[in-house]
Amino acid sequence: MEVKDIRIPNMKYEDFKDNEYLEEYVDELRKNGVNIFVGKINDFLNWGRSNSVWPLTFATSCCGIEFMCVGAAHTDFARFGWEVTRNSPRQADVVFVCGTIVHKMAPVLKRLYEQMAEPKYVMAIGSCAISGGPFKNSYHVVKGVQEIIPVDVFIPGCPPRPDAILYGMMQLSRKIKVQNFFKLPGQPEIAE
Amino acid sequence: MKEPIEKIAELYNAETTENGGRYELTLAKENIHDAAAYLKREYGYDFLLEMVGMDYGDTLGVIYYLSQSTNPAPLLVLKTSTEKSDYPELYSVCDLWDSAEFYEREVYDFFGIMFINHPDMRRIFLRSDWNGYPLRKDYDANPELNPIPHRNEFLVDMERVPSITMSMGKEIETTRSLFDHDEYIVNFGPQHPAMHGVLHLRVSLDGEVVKSVDPNFGYIHRGVEKLCERYTYPQILHLTDRLDYLSGTINRHAFCLCCEKALGLEVPERAVYIRTIFDELTRIASHLLGWGSMCMDMGSITAFIYGMRDREKIMDIFEETAGGRLMANYSVIGGVANDIHPNFVKRVKEFIPYMRKMMKEHHLFFTGNPIARGRMDGIGYLSKEKAISIGATGPGGRASGWRNDIRKIEPYAVYDKVDFEEVIRADGLTFDRYVIRLDEIEQSLRIIEQLIDRIPEGAFLNKPKGVVKLPAGEYFQRVENARGQFCVHITSKGDAKPYRVKFRSPCLTLVSALKEVAPTHKIADLIMLGASFDYVIPCIDR
Ligand code: SF4
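Figured I'd write up the structure that's included with this text. (Residues numbered from 1 in each chain as written. Chains lettered and ligands numbered in written order. Predicted model: local features only at pLDDT ≥ 70, side-chain atom pairs only at ≥ 80, totals over all residues. Heavy atoms only, no water.)

1. As for the site of the ligand
1) Next: Surveying the vicinity of the ligand reveals 14 residues, the closest of which are A:Cys62, A:Cys63, A:Ser127, A:Cys128 and A:Cys158.
2) Next: The environment around the ligand is built from residues contributed by chains A and B.
3) Next: At three residues, helix α5 (residues 126–131) of chain A tops the list of elements feeding residues into the shell around the ligand.
4) Next: Grouping the constituent residues of the shell around the ligand by class yields seven nonpolar, six polar and one charged. (Near = heavy atom within 4 Å. Helix = DSSP H or I, 4+ residues; strand = E, 2+ residues; numbered from the N terminus. Nonpolar A, V, L, I, M, F, W, Y, C, P; charged D, E, K, R; others polar.)

Written out as structure tokens, the structure is:
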């Protein structure tokens, strides 16, 4: 069966980085094969899912302002169907970790993540969320959110430009598109 | 200025020194409270600007910066110290100035100094189970001592708020509960869309009416002050931007000014003009965002989108010249990082009439809107005396009629060469704090308008030679950022790295103001009150 279309309109496939891991997913899907009926439903569901990802409003510091810019007039992520920011983790699909996560905040973030319904995704926005960023040497900063929760997309920058955040969002869209909805890759265990 | 100093020196045996035009009084720890009370009573020192905790090596100390609301320019510095033991103690001054309540908790959190007679000696930023006092020089930063916690803090302090009181020469340790057992308490934050960051409020309610508010900080405490001690001065610069990221450029300017003053470095005229224009643009951007999110909290998403749209124009100007949008990273010690873009002047000139036109629109649509007025009129009264005692500087205090604009009091950069008004409103209500931001945008536009054609030719950077080493001593600089007085205190021992850096966050006192005005209001108004003070949490937590 023809495997799903992971193209994003108006952006060439080659222009994306890190295509290899998506191809791995696709290969795996090809090998295992699904029947046409299930495959079609799957494609349809993923098409819907990837175009209406609802983020949780979770901003701790500076990167949150750039995230707000992405949502506002100039760059407007409503064009991609991401505009429904949810305030409750139970309604959200993805958590944008915008900003530094410190020791006191870590359990809060973990709990928010655990409250989200599967399938759920995490985007680490900014160097703080990736590695602790400029505050890496601090006594109270978590050195990257992957120490607490698994991350799907990392967006570097301090803060990343809105375009970078959009690019990261598209990467997540593409990832969602190649997943087998009925057999979602098991989410990694949360480190205790 | 001479008189109070001589008086205190005589009455309380204080040692007087002069440092950069400021008088410093060193007092024994037994006398600090009495001397402070005397100064307040007799000479009207009603504003405690900040308290800096210090670790002098073998002793721990506190530096108090005092000021009078009637004559705000000269600062008076009090110093005291206590021996470094397991339980160092000092007398609290929080009965004199309300702002001391949070300041002393901060000193306790970082240095472990207990304040006698302080009603609430909990840690302010770190969790109650944190080991050690991080800003002490002998702090053990071993991550195994303080691993990343996997559980939320158990808020037992509801039952046990520790404090020490003195009674008949004996210390009595007491605990009291913050809330009664049958009180109805709502947790508000740290992850809440209307909280403008990760502040955690515990609100005690009576029906729909707020009885008291207990703010919890530290959810974004990044340990910036400790980090500063291991970075060189040019490296610290980029941390200053990230404190109050909405006025990042202004904070950075403050740190640069402080270093330049210490080094005696001449800053080229061109750089001074450019910095001032950048500061004012930042202020406009910050107020637009503050205004937009305040309107959003009232339910008007349109205002937020409008605000962000106009703000984006400023971001474009920044990006063209400095390369960064939110973090312009532009001022450096000795000037600015690079020259302005050839389009800069043109773009700024285009922006001014555009912004004026938009301001008319904003006033028309939002300021006059009956729904907005219904939510803002007659709500959230903060009196002038209280604002001074709390130390709520910036637009929050000016809305209560307190003149505290550093640009007027102690003009830095080129603020003494431009004609602008310090916007003051008398009523101290939510609506005043709303309008004052919009009016300040207009004043900022006026400043930019006067400066943009006068940017002198010449060099833009006078780079200090070699490694930047501030001569040993203490340096202090305050500037007016979009939220109030932002101060930098540097203690240097003559090395390439500072011995101690302290930033005064204007936002911390704004939260005390919220705590002060919130009771008796409806819980729905609490959000409006918070938005009207427009605090930025990472600036509080540092
Ligand atoms: S990555 Fe930079 S901009 Fe983002 S939160 Fe960290 S310090 Fe702020």
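2. Remarks on the packing of aromatic side chains
1) Next: Per the counting criterion, the structure on display carries 24 aromatic pairs over all chains.
2) Next: For the pair B:Phe110 and B:Phe125, a centre-to-centre distance of 5.8 Å together with 35° between the ring planes defines the contact as tilted. With B:Phe110 in helix α3 (residues 100–111) and B:Phe125 in the loop between β7 (114–116) and β8 (161–167), the pair connects residues that are 15 residues apart, well separated along the chain.
3) Next: Look at B:Phe110 and you get buried, because its relative accessible area is 2%.
4) Next: With relative accessibility at 0%, the residue B:Phe125 sits in the buried group.
5) Next: Taking 6.3 Å as the distance between ring centres and 75° as the angle between the ring planes, the aromatic pair formed by B:Phe125 and B:Phe217 counts as edge-to-face. One end of the pair, B:Phe125, is in the loop between β7 and β8; the other, B:Phe217, is in the loop between β12 (209–216) and α4 (224–228), with 92 residues separating them in the sequence. An identical accessibility class is assigned to B:Phe125 and B:Phe217; each is buried.
6) Next: Through a chain of ring-to-ring contacts, three or more aromatic side chains come together here, namely A:Phe67, A:Phe77, A:Trp82 and A:Phe96.
7) Next: The ring of B:Tyr219 carries the charged tip of A:Lys104 above its face, separated from the ring centre by 5.1 Å. (Phe/Tyr/Trp six-rings, centres within 6.5 Å; stacked < 30°, edge-to-face > 60°. Buried < 20%, exposed > 50% of the residue type's maximum accessible area, 1.4 Å probe, protein only. Lys NZ or Arg CZ within 6 Å of the ring centre and 35° of its normal.)

3. Thoughts on the sheet that holds strand β2 (residues 94–98) of chain A
Think of a sheet as strands paired side by side through backbone hydrogen bonds, with each pair either parallel or antiparallel.
Residue and element names in this part refer to chain A.
1) Next: Strand order in the open sheet made by the four strands is β1-β2-β3-β4, with parallel pairing throughout. In this open sheet, the two strands that pair with only one neighbour each are β1 (55–56) and β4 (153–155).
2) Next: Direction of pairing for β2 relative to strand β3 (residues 121–125): parallel, over a ladder of five bridges. Directly across from Val94, in β3, lies its bridge partner Tyr121. (Pairing = 2+ DSSP bridges.)

4. Notes on helix α15 (residues 506–517) of chain B
Residues and elements named next belong to chain B.
1) Next: Here α15 contains 12 residues, and its C-alpha end-to-end distance of 17 Å stays within 8% of the 16 Å for a straight helix at 1.5 Å per residue.
2) Next: Counting buried positions along α15 yields 10 of 12 residues, so the element is predominantly enclosed.
3) Next: Those residues of α15 not exposed but buried are Pro506, Cys507, Leu508, Thr509, Leu510, Val511, Ser512, Ala513, Leu514 and Val517.
4) Next: The opening residue of α15 is Ser505, an N-cap whose side-chain oxygen sits 3.1 Å from the backbone nitrogen of Cys507. (Expected span 1.5 Å × (residues − 1). Polar contact = N/O pair within 3.5 Å; in protein donor to acceptor, adjacent residues only side chain to side chain.)

5. Re the packing of helix α2 (residues 36–50) of chain A against helix α6 (residues 162–178) of chain A
Residue and element names in this part refer to chain A.
1) Next: Running from N to C, α2 and α6 cross one another at 165°; their axes reach a closest spacing of 8 Å. If you check the angle between α2 and α6, you find them roughly antiparallel. Crossing geometry of α2 relative to α6 is assigned as right-handed. Contacts from Asn46, Arg49 and Ser50 of α2 reach α6 at Ser173, Ile176 and Lys177.
2) Next: Looking at the contact of α2 with α6 residue by residue, the classes come out as one nonpolar, three polar and two charged. (Axes fitted to C-alpha atoms, helices over the stretch in contact; angles between N-to-C directions. Parallel < 35°, antiparallel > 145°, perpendicular 65-115°, else oblique. Left-handed = near helix turned anticlockwise from the far one by under 90°. Contact = heavy atoms within 4.5 Å.)

6. Quick notes on the interface of chain A and chain B
Often, the extent of an interface is quoted as the loss of accessible area upon association of its parts.
1) Next: Each partner contributes to the interface: chain A provides 42 residues, whereas chain B provides 52 residues.
2) Next: Counting each side, the surface lost to burial between chain A and chain B is near 4000 Å², with a carbon and sulfur contribution of 66%.
3) Next: Per-residue buried area on chain A facing chain B is highest for A:Lys104, A:Phe135 and A:Tyr139; these three make up 21% of the total on that side.
4) Next: Our count for the chain A to chain B interface comes out at two salt bridges.
5) Next: Put simply, B:Glu319 and A:Arg161 hold a salt bridge, and the shortest N to O gap is 2.3 Å.
6) Next: Linking chain A to chain B there are 11 residue pairs in polar contact (both at pLDDT 80 or more).
7) Next: For the side of chain A that touches chain B, a count of residues per class yields 24 nonpolar, 11 polar and seven charged. (Buried area = accessible area lost by both parts, 1.4 Å probe. Salt bridge = Lys/Arg side-chain N within 4 Å of Asp/Glu carboxyl O.)

7. Quick look at the environment of B:Leu281
All names here are of chain B.
1) Next: Looking at the element boundaries, Leu281 is found in helix α7 (residues 269–297).
2) Next: On the basis of relative accessible area, Leu281 is assigned to the buried category, the value being 0%.
3) Next: When the C-alpha positions of Leu281 and Gln235 are compared, they lie 24 Å apart, and in sequence the two are 46 residues distant.
4) Next: Other than its neighbours up to four places away in sequence, Leu281 contacts Ile314, Ile317, Phe318, Val348, Phe351 and Ile448.

8. Here's the deal with α2(A)
All names here are of chain A.
1) Next: Taking 1.5 Å as the rise per residue, α2 with 15 residues should run 21 Å; its terminal C-alpha atoms sit 21 Å apart, in good agreement.
2) Next: Of all the positions in α2, only Gly39, Asn42, Asn46, Arg49 and Ser50 are classed as buried. Down the axis of α2, the sector holding all buried residues measures 90°, keeping them to one side. Among the exposed residues of α2, those pointing more than 90 degrees away from its buried face are Ile36, Phe37, Lys40, Phe44 and Trp47.
3) Next: Close packing links the buried residues of α2 with β3 and α6. (Arc of directions from axis to C-beta.)

9. Thoughts on the environment of B:Ile185
All names here are of chain B.
1) Next: Tracing the backbone through its elements, the reader meets Ile185 in strand β10 (residues 184–188).
2) Next: Overall, Ile185 belongs to the partly exposed group, its relative accessible area being 23%.
3) Next: In this structure, the C-alpha to C-alpha distance between Ile185 and Leu201, residues 16 residues apart in sequence, is 9.9 Å.

10. Let's talk about the pattern of salt bridges
All names here are of chain B.
1) Next: Tallied over the entire structure, the rule returns 50 salt bridges over all chains.
2) Next: Close ionic contact of Lys29 with Glu83 constitutes a salt bridge, the shortest N to O distance being 3.6 Å. Of this pair, Lys29 sits in the loop between β2 (22–26) and α2 (32–43) while Glu83 sits in strand β5 (residues 76–83); the two residues are 54 residues apart in sequence, bridging distant segments of the chain.
3) Next: Owing to a relative accessible area of 22%, Lys29 belongs among the partly exposed residues under this scheme.
4) Next: Classification of Glu83 by relative accessible area gives partly exposed; the value is 44%.
5) Next: Shared partners join several salt bridges into a network, and the residues in it are Glu50, Glu106, Glu225, Arg500, Lys502 and Arg542.

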